[in-house]
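Below, each chain spelled out in residue letters.
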Amino acid sequence: MVLNTKQTTVAYRCPHCGAGVMSAVSLFALRGKMVRLRCTCGKSVMEIEPTAEQKVRLTVPCIICPNPHRFTVSENVFFGDRLFVLPCPYADINIAMMGESNHVKAELSRTELELLDLMEKNGITDFEALHREAERAVTDPQVLDIVMFVIRDLDDEGKIFCRCEGEEEREFEVEILGEGVRITCKSCGATKLLPTDSLLDAYEFLNTDALRLE
């Protein structure tokens with residue numbers, strides 16, 4: 001007897017060579033283990049992992065940002081027949097897509113034309129140069145605002161950890177330096193420097209759940 005199983009097509013674009021990476025993923029293959037879609041250039045990989053709540057967690061390389069983005073979708077969405085896309089949180093570009101094979105291929109082609117147009121307008125010659133451009137330092141007072149907001153938020157929630165033990169009360173000192181923001185525990189001396197020279201890194205910092213000083 002042949003058992004039918006749910007299956008979808010998943011794709012992303014490699015931020016280094018620009019190739020579209022596409023593969024079929026079945027519910028059977030995903031049960032209890034992580035599936036990895038690796039580009040043939042060997043420089044990027046998309047990770048697809050099942051969760052206990054019948055959801056799917058995806059870690060997607062970004063053609064724009066220096067670091068991958070993480071998304072969680074339901075199995076119904078992941079294995080749906082319709083096209084479902086995941087955009088970069090900081091740029092209006094779809095970085096991953098899933099659904100019926102022909103729809104996914106069409107969206108890969110559409111986003112390639114969109115990226116080529118973006119590169120031409122900015123004088124960028126290849127996809128890796130586009131990725132490097134996004135990693136350049138950005139001078140923007142918004143960066144400092146974001147970093148300070150996250151530090152205050154984590155402190156209010158008790159999610160800044162250091163070498164102090166147990167329920168010992170902690171007090172942190174925040175210094176604004178030329179190279180970034182340094183936060184230090186006044187009791188144990190544990191510290192961490194948070195760079196403030198990249199707007200993209202600052203937006204990534206918004207997703208931080210906790211901060212550990214060393």
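One can find the structure itself at the top, above this paragraph.
First things first, this report covers the structure right here in the doc.

How each quantity is defined
Within any chain, residue numbers begin from 1 and follow the written order of that chain's sequence. Side-chain atom pairs in this predicted model are given and counted only at pLDDT of 80 or more, local residue features only at pLDDT of at least 70, and totals for whole chains, interfaces and linings cover all residues. Side-chain descriptors were evaluated using all non-hydrogen atoms of the structure, hydrogens and water having been removed beforehand. Comment: elements are numbered from the N terminus, with helices defined as DSSP H or I runs of at least four residues and strands as E runs of at least two. Summary of the burial criterion: residues with accessible area below 20% of their type's maximum are buried, those above 50% are exposed, and those between are partly exposed, where the area comes from a 1.4 Å probe applied to protein chains only. Only heavy atoms enter the contact rule, under which two residues are in contact if any of them lie within 4.5 Å. To measure how exposed things are, a 1.4 Å probe is used in the Shrake-Rupley method; for residues, cover is taken only from the protein chains shown. When DSSP locates at least two bridges between a pair of strands, those strands are taken to pair. All axes here are fitted lines through C-alpha atoms, helices being fitted over the stretch that makes contact, and every angle between N-to-C directions spans 0 to 180 degrees. By nonpolar core is meant a set of buried Ala, Val, Leu, Ile, Met, Phe, Trp, Tyr and Cys residues that side-chain atoms within 4.5 Å join together.

As a further point, take the overall build of the protein chain. In terms of regular secondary structure, the protein chain is built from six helices and 13 strands. Counting the 214 residues in the protein chain, one finds 41% classified as buried. For the protein chain, restricting intrachain contacts to residue pairs at least 6 apart in sequence, the fraction spanning at least 24 positions comes to 45%. Only carbon and sulfur atoms are counted for the fraction: they give 47% of the accessible area of the protein chain, which is about 12500 Å².

Now for the sheet that holds strand 4 (residues 45-50). If you trace the four strands from one edge of the open sheet to the other, you get 3-4-5-6, paired in antiparallel fashion. The open sheet has two free edges, formed respectively by strand 3 (35-38) and strand 6 (69-74), since each of these has just one partner strand. Strand after strand, the sheet turns through a mean of 15 degrees between neighbouring axes, direction not considered. Two strands pair when backbone bridges link them, and strand 3 and strand 4 are joined in this way by four bridges, in the antiparallel orientation.

So, about the nonpolar core. When a protein is soluble and globular, its nonpolar side chains tend to lie buried together. Counting residues in hydrophobic clusters, the biggest one holds 36 residues, and the most contacted among them are Leu 37, Met 46, Ile 48, Leu 58 and Phe 78. Those residues in contact with Phe 78, other than ones at most four positions away along the chain, are Thr 8, Val 10, Val 25, Leu 30, Ile 48, Val 56, Leu 58, Val 73 and Met 98. By size, the runner-up hydrophobic cluster in this structure holds 20 residues, among which are Val 150, Cys 164, Val 181 and Ile 183.

Quick look at the sheet that holds strand 8 (residues 94-99) now. Strand order in the open sheet formed by four strands is 2-1-8-7, with antiparallel pairing between adjacent strands. A single partner strand is all that each edge strand has here, and the edge strands are strand 2 (20-26) and strand 7 (84-87). Recorded for the sheet is a direction-independent mean angle of 20 degrees between the axes of neighbouring strands. The pairing of strand 7 with strand 8 spans four bridges and is classified as antiparallel. Across the sheet, the residue bridging to Pro 87 is Asn 94, located in strand 8.

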